[in-house]
Amino acid sequence: MTDLPLRTWNGLVIPTPGTFTLDPAHRRLGFQVTHMMVSAVRGEFGEGTAVVRVAEDPLQSQVVAKIRADSITTHQPDRDSHLRSADFLDVANHPTIDFVSTRVAWKAPEADPIFAWARLKGRTPGRAATPEPAQPTTFVVHGELTIRGVTRPVALDAEFGGARRTPTGEDVFGFSATGEIDREDYGLRWNMALEAGGVLVARTVRIELAGEAIREAG
């Protein structure tokens, strides 16, 4: 195919084994939480690092990530100061949020019954076959997430975005990942009851990650 450091695995073109680091220019370390039971507030962390070690067997690959807790922003200064305080992340005593993967599982794309029916229709005389859209390729990355000194297991649904060589000669691959945690499991229990019922801040936090990882030289 090319002389690029790529290989084929389960029909995917993936990088050959090596160590990759998160590109700070192409990343989102984000989250989402429901406010007042009615709307989503989104935020992100501006500073964080990650190392991905791609193994010969892709399912033996490992991810290690570290985020600076005080780099949190929801683009509202008063709220951000509160999130850094002891009510939430307590960044003075717990400066980082850490993740270490423990295993990777592959979720093969599932056939969509609607498109399966369309393909059958496409085989009738006089009709062109109906192409099925490409299905996303999802890995489940299991690991240990540490927030505020508390470590809990978490599973992230990670989508592989493909591998390429940049115009400047760097080998990269892209990804996105999502997952959910209960913030109270990590000691982030502050809340306020609403007069009409419910609470000010939801317990469930949705993790939203995306970026590119660059192969280390050597």
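Residues numbered from 1 in each chain as written. Predicted model: local features only at pLDDT ≥ 70, side-chain atom pairs only at ≥ 80, totals over all residues. Heavy atoms only, no water.

J.: I'd like a rundown of a nonpolar patch on the surface, residues and numbers included.
T.: A cluster of nonpolar side chains, namely Met36, Met37, Val38 and Val199, defines an oily patch on the protein surface of about 370 Å² accessible area. Among the structural elements, methionine 37 can be located in the loop between strand E3 (18-35) and strand E4 (39-45). (Patch = residues over 30% accessible without salt bridge, like charges linked within 9 Å, V, L, I, M, F, W, Y side chains within 5 Å. Areas by Shrake-Rupley, 256 points an atom, 1.4 Å probe, with all protein chains shown as cover. Salt bridge = Lys/Arg side-chain N within 4 Å of Asp/Glu carboxyl O. Helix = DSSP H or I, 4+ residues; strand = E, 2+ residues; numbered from the N terminus.)

J.: Go over the environment of histidine 75 with me, naming the residues and quoting the values.
T.: Along the chain, the position of histidine 75 falls in the loop between strand E7 (72-73) and helix H1 (77-84). For histidine 75 and arginine 42, which are 33 residues apart along the polypeptide, the C-alpha to C-alpha distance reads 9.1 Å.

J.: Requested: an account of the nonpolar core, with residues and values cited.
T.: Among the nonpolar cores identified, the biggest contains 33 residues, and Phe45, Leu89, Ile97, Phe99, Leu145, Ile147 and Ile181 are the most heavily contacted of them. Excluding its chain neighbours within four sequence positions, the residues that come into contact with phenylalanine 99 are Val63, Val64, Ala65, Val141, His142, Gly143, Glu144, Leu145, Val154 and Leu156. The next biggest cluster of nonpolar side chains, apart from the first, holds six residues, and it includes Phe20, Val52, Val54 and Ala213. (Core = buried A, V, L, I, M, F, W, Y, C linked by side-chain atoms within 4.5 Å. Buried < 20%, exposed > 50% of the residue type's maximum accessible area, 1.4 Å probe, protein only. Contact = heavy atoms within 4.5 Å.)

J.: Let's hear about the packing of aromatic side chains: which residues, and what values?
T.: Going through the model one piece at a time under the given rule, you end up with six aromatic pairs. On the basis of an interplanar angle of 65 degrees and a centroid distance of 5.4 Å, the ring pair of tryptophan 9 and tryptophan 106 is categorised as edge-to-face. Separated by 97 residues along the polypeptide, tryptophan 9 in strand E1 (residues 6-9) and tryptophan 106 in strand E8 (residues 96-107) bring together distant segments of the chain. For tryptophan 9, a relative accessible area of 17% translates into the label buried. Residues phenylalanine 160 and phenylalanine 173 carry aromatic rings whose centres are separated by 6.2 Å and whose planes lie at 35 degrees to one another, so their mutual orientation is tilted. In this pair, phenylalanine 160 is assigned in strand E10 (residues 150-165) and phenylalanine 173 in strand E11 (residues 171-182), connecting sequence segments 13 residues apart. (Phe/Tyr/Trp six-rings, centres within 6.5 Å; stacked < 30°, edge-to-face > 60°.)

J.: Provide a residue-level description of the confidence of the model for the protein chain, including the pertinent values.
T.: Put simply, the protein chain has an average pLDDT of 90, and 85% of its residues get 70 or more. When the criterion is pLDDT under 50, residues 129-134 qualifies, and its contacts beyond four places in sequence or with other chains add up to nine contacts. (pLDDT = per-residue confidence, 0-100.)

J.: Could you give an account of the side chain of serine 71, with specific residues and numbers?
T.: Mapped onto the fold, serine 71 is located in the loop between strand E6 (62-68) and E7. Residue class for serine 71 comes out buried when judged on its relative accessible area of 12%. A distance of 2.7 Å separates a polar side-chain atom of serine 71 from the backbone oxygen of arginine 68. Ignoring anything within four residues of it in the chain, the contact list for serine 71 reads Glu44, Phe45, Gly46 and Glu47. (Polar contact = N/O pair within 3.5 Å; in protein donor to acceptor, adjacent residues only side chain to side chain.)

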